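Notes for the structure review
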Amino acid sequence: MPFVPVDVLLKQAEEGQYAVGAFNCNNMEIVQAIVAAAEAERAPVIMQASQGAIKYAGLDFIVAMARQAAEKASVPVALHLDHGTSFAQVMQCIRAGFSSVMIDGSKLPLEENIALTRQVLAVARAVGVSVEAELGKIGGTEDDISVADWEAMLTDPEEARYFVEQTGVDSLAIAIGTAHGRYKGEPRLDFDRLAKVRSLVKIPIVLHGSSGVPDEAIRQAISLGVRKVNIDTNIREAFVAAARRVIDAHPDEIDPRKILGPAREAATAIIREKIRLFGSSGKA
Ligand code: G3H
Ligand code: 13P
Ligand code: ZN
């Protein structure tokens, strides 16, 4: 079936009190793994393309692979731009067929973030594409920052209320202590902050940097209103570890299919696990 807008999936998730998995796709094997996992779990799913993925595979290839996978799929699949950098990039993605975009104005001053998000919404609404925005700064795990600086990066609940009121955006990514990439220790999530945001903001909340967050914390975040959970790093780890196992066991292997096939299977397995954790299994 054609790509489904993310806001449709998140509305259903809100009704059912679960979260939809948003998995980053970088190559054909991962696109196939995401859809295979969603079909095996009878779950709605979001495939998302990051800046790195677009640079690596090219926008046209990502859309072509994702479309092929979605059209054959018997479950709803969305194609979403992850951390969109500019109005121009959002337009390119909408034109290429994405059903959802993120415009990440989190590095901008509040009013500029609002203005950029509104500009994107004005166009996206007209063509039925959903929009995710970000407020607060979701860092990388490599950032060596003090506790005071860390707290300053987190989303201010009152600002979130104002942002949503001013923009009317479909979903909001917030910073509550998660970070992209591999964590050095165990991540500490500010659930009080999430609960406060949730009490002031009635749209679905998005959790970025979710790889490496303990299952119990993910469950709690979902119980507090997170409806889209982004996973990239855990897929990379599973994919590369499986490929490495084949290479280590068979150093003379030169058939890429013998290496990437098991990597695709490992990616499918971890995505299925996440879908079950998020409660979206059986919801398609
Ligand atoms: O949001 C960040 C993604 O997890 C990875 O981004 O593909 O640009 O490295 P990248
Ligand atoms: P992880 O790589 O930490 O899972 O983060 C993914 C993400 O937030 C993509 O936007
Ligand atoms: Zn992210």
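Note: the structure precedes this text.
Residues numbered from 1 in each chain as written. Chains lettered and ligands numbered in written order. Predicted model: local features only at pLDDT ≥ 70, side-chain atom pairs only at ≥ 80, totals over all residues. Heavy atoms only, no water.

Another aspect to go through is the site of ligand 1. With respect to spatial proximity, the complete set of residues near ligand 1 consists of Ser50, Gln51, Gly52, Ala53, Asp82, His83, His180, Asp232 and Arg236. Within the side chain of Asp82, a nitrogen or oxygen atom sits 3.4 Å from an oxygen atom of ligand 1. Within the contact set of ligand 1, an oxygen atom lies 3.4 Å away from a side-chain nitrogen or oxygen of His83. Its free accessible area being 310 Å², ligand 1 has 70% of it covered by the protein chains. Taken together, the elements giving at least two residues each to the shell around ligand 1 come down to helix H3 (51-57) and strand E3 (77-84). (Near = heavy atom within 4 Å. Polar contact = N/O pair within 3.5 Å; in protein donor to acceptor, adjacent residues only side chain to side chain. Areas by Shrake-Rupley, 256 points an atom, 1.4 Å probe, with all protein chains shown as cover. Helix = DSSP H or I, 4+ residues; strand = E, 2+ residues; numbered from the N terminus.)

In the first shell of the zinc ion (ligand 3), the protein supplies His83 (NE2), His180 (NE2) and His208 (ND1), at 2.0 to 2.1 Å from the metal. Look at where the donors of the zinc ion (ligand 3) fall in the sequence and you get H-x96-H-x27-H. Note that His83 is positioned in strand E3 and His180 in the loop between strand E6 (171-174) and helix H9 (191-200), a separation of 97 residues in sequence. For His83, a relative accessible area of 16% corresponds to the buried category. (Donors = N, O, S within 2.8 Å, 3.2 Å for Na, K, Ca; no water. Buried < 20%, exposed > 50% of the residue type's maximum accessible area, 1.4 Å probe, protein only.)

What follows covers the pattern of salt bridges. Per the counting criterion, the structure on display carries 15 salt bridges. One salt bridge connects Arg125 with Asp170, and the closest N-O pair in it is separated by 3.2 Å. With Arg125 in helix H6 (residues 110-126) and Asp170 in the loop between helix H8 (157-167) and E6, the pair connects residues that are 45 residues apart, well separated along the chain. In this structure Arg125 comes out as partly exposed when scored by relative accessible area, which is 43%. Asp170 gets classed as buried once you look at its relative accessible area, which sits at 15%. When the shortest N-O distance is used, the salt bridge between Asp255 and Arg257 registers 3.0 Å. On the accessibility criterion, Asp255 (15% relative accessible area) is buried. Overall, the relative accessible area of 68% leaves Arg257 in the exposed class. When salt bridges that share partners are traced, they join Glu14, Arg198 and Arg227 into one network. (Salt bridge = Lys/Arg side-chain N within 4 Å of Asp/Glu carboxyl O.)

Let's shift gears to the packing of helix H2 (residues 28-41) against helix H4 (residues 59-72). Between two packed helices, what matters for the description is the angle formed by their axes and the separation of those axes. Between H2 and H4, the least distance of the axes is 10 Å, while the angle of their chain directions is 20°. Considering the angle they form, H2 stands roughly parallel to H4. For H2 against H4, the interelement crossing comes out right-handed. Residue-level contacts link Met28, Val31, Val35 and Glu39 of H2 to Met65, Ala66, Ala69 and Lys72 of H4. Taken together, the residues of the contact of H2 with H4 sort by class into six nonpolar, no polar and two charged. (Axes fitted to C-alpha atoms, helices over the stretch in contact; angles between N-to-C directions. Parallel < 35°, antiparallel > 145°, perpendicular 65-115°, else oblique. Left-handed = near helix turned anticlockwise from the far one by under 90°. Contact = heavy atoms within 4.5 Å. Nonpolar A, V, L, I, M, F, W, Y, C, P; charged D, E, K, R; others polar.)

Close to ligand 2 lie 15 residues, the nearest being Asp82, Gly209, Ser211, Asp232 and Thr233. In this structure, an oxygen atom belonging to ligand 2 sits 3.2 Å away from a side-chain N or O atom of His83. In this structure, an oxygen atom belonging to ligand 2 sits 2.5 Å away from a side-chain N or O atom of Ser211. Protein contact buries 96% of the 310 Å² of open area that ligand 2 shows by itself. Secondary structure elements with two or more residues in the shell around ligand 2: E3 and strand E8 (226-231).

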